[in-house]
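Here is how the chains run, residue by residue.
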Amino acid sequence: MIPVAIIGASGYTGLELVKILFQHPEFELVYVATSEGETTVDGLHPSLKDVVSMPVEKADAAAVADVAQIAFLALPHKTAMGFARELLERGVKVVDLSADYRLKLGTYEAHYCPHEDTAHLPEAVYGLPEFYREALKESRLVANPGCYPTASLLGLLPFVPYIKADTPIFIDAKSGVSGAGKKLSATTHYVTINENIFAYNPIKHLHAPEIAEKIDDLFLTQVQVNFVPHLLPVTRGMLCSVYMQLENELDPIEVLNDLYKDEPFVRVRTEPVDIKSVAGTNFCDIYATMNGTSLFVSSAIDNLLRGASSQAVVNANIVSGFDERLGIPKFAYVP
């Protein structure tokens, strides 16, 4: 068994990590922490009463290094990198769920803040297994993608080689409210989101440069990415609709099947996808169709799982040399 730790266990992604890791056949959850500690896991998450009652510590990198080989950081952006640096210096492998290691230095500092761990940033591997699996096998620092980039990239990357030169990509993305985290805000208040849907930070959202950077990283192609996120009046789930102009007509389902035929967590659909069929799982369901050379791609994921926690455990499986499917949820919350 490999001992593992969760730092930042109070939020939704922390809860999902606890649920997966507590039942994992090869990882032993030995340390759970928040910024304050002094409670228990079921004290943080009452749904786990009589299931997981282990203590929650005040986060301390030295204490983590004493007991764990891998640490999952479910911490806010700008906070995670300081903790990650301390863990890496103590020989602990890190799977970071924040944005702190997902971007190149210039891109990160242009959209977030000055980076505090430039020494380790170059060794971070982007944790999208379908495209970075070989690099992940040798990694000790995984930059786990967020929900919007995961759903968007898995849908659009198969078609980047066919895109018409100098044409933009448009992404219309919709997320469940859990993607905003537990902290209440004006936009996530019940009276605002109930029976409502709206865009936020259109075109200017922080995930747009991340998506564009990964396209360039994988295909040496610079594409204008127009990204518009929306909030749905549902708890969990994400649906991304991608619009692209291709050079020529093709069979998009054949393209998807060719690329993803051996991928355990991508399901190519021949009918439009929905979020209910992936809720509670690590699957990404993808559908595509064309009108002449105009392409429509639709992808669906569980924003808390494939978009965060279960993908983080898949990455830890790969880093540890395990079958990446080990301990990963596959049964959807249906009905």
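Structure's up top.
The present account deals with the structure reproduced in this document. Each chain carries its own residue numbering, running from 1 in the direction its sequence is written. In keeping with the predicted nature of the model, local features appear solely for residues at pLDDT of at least 70, side-chain atom pairs appear and are counted solely at 80 or more, and the whole-chain, interface and lining totals rest on all residues. Only heavy atoms go into the side-chain values, all of them from the structure, while hydrogens and water stay out.

**A look at the overall build of the chain**
The numbering of helices and of strands both runs from the N terminus, where a helix is a DSSP run of H or I of at least 4 residues and a strand a run of E of at least 2. Within the chain one finds 11 helices and 15 strands. Projecting the C-alpha coordinates of the chain onto the three principal axes gives extents of approximately 60 × 45 × 35 Å. Out of the 335 residues in the chain, the part that is buried amounts to 54%. Within the chain, counting contacts between residues at least 6 apart in sequence, those at least 24 apart form 70% of the total. When the accessible surface of the chain is summed, it comes to about 14,600 Å², and 51% of that surface belongs to carbon and sulfur atoms. A residue counts as positive if it is Lys or Arg and as negative if it is Asp or Glu; His and the chain ends are not included. Note on charges: their place is set at NZ of Lys, CZ of Arg, CG of Asp or CD of Glu. Counting 26 positive and 41 negative side-chain charges, the chain places the centres of these two groups 3 Å from one another. Buried residues are those whose accessible area, probed at 1.4 Å on protein chains only, stays under 20% of the maximum for their type, while exposed residues exceed 50% and partly exposed ones sit between those limits. Residue contacts are counted whenever heavy atoms from the two residues lie within 4.5 Å of one another. We get accessible surface area from the Shrake-Rupley algorithm with a probe of 1.4 Å; when it comes to residues, only the shown protein chains can shield them.

**Describing the sheet that holds strand E4 (residues 55-58)**
In this analysis, strands are considered paired if DSSP registers two or more bridges between them. The strand order across the open sheet built from eight strands is E3-E4-E2-E1-E5-E6-E8-E7, with neighbouring strands paired in mixed fashion. Only two strands of the sheet have a single neighbouring strand rather than two, namely strand E3 (39-40) and strand E7 (125-126). Note that strand E6 (residues 93-96) and strand E8 (residues 141-143) share three bridges and pair parallel. Considered in E8, the bridge of Val95 is made with Val142.

**Side note on unusual backbone geometry**
Note the cis peptide between Val334 and Pro335, where omega equals 5°. Secondary-structure assignment places Pro335 in the segment after helix H11 (309-319). The backbone of Lys78 shows a phi angle near 80°, a positive value even though the residue is not glycine. Secondary-structure assignment places Lys78 in the loop between strand E5 (70-73) and helix H4 (80-89). Its identity is not glycine, yet Ile203 carries a phi of approximately 70°, on the positive side. Mapped onto the elements, Ile203 comes out in the loop between strand E10 (198-199) and helix H9 (207-219).

**Structural notes on the pairing of strand E1 (residues 2-7)**
With six of its six residues buried, E1 lies for the most part within the structure. Side chains Ile2, Val4 and Ile6 of E1 all project onto a buried face; the interleaved residues Pro3, Ala5 and Ile7 project onto the opposite face, where all are buried too. With six bridges connecting them, E1 and strand E2 (residues 27-34) associate as parallel partners. Bridging from a neighbouring strand, Ile6 pairs with Val32 of E2.

**Notes on helix H6 (residues 129-137)**
All buried positions along H6 are accounted for by Pro129, Glu130, Tyr132, Arg133 and Leu136. The buried residues of H6 occupy one face: seen down the axis, they fall within an arc of 160°. Working definition: the arc comes from the directions between the helix axis and the C-beta atoms, pointing outward to the latter.

Everything listed here is a matter of coordinates, which is why it stays silent on function.
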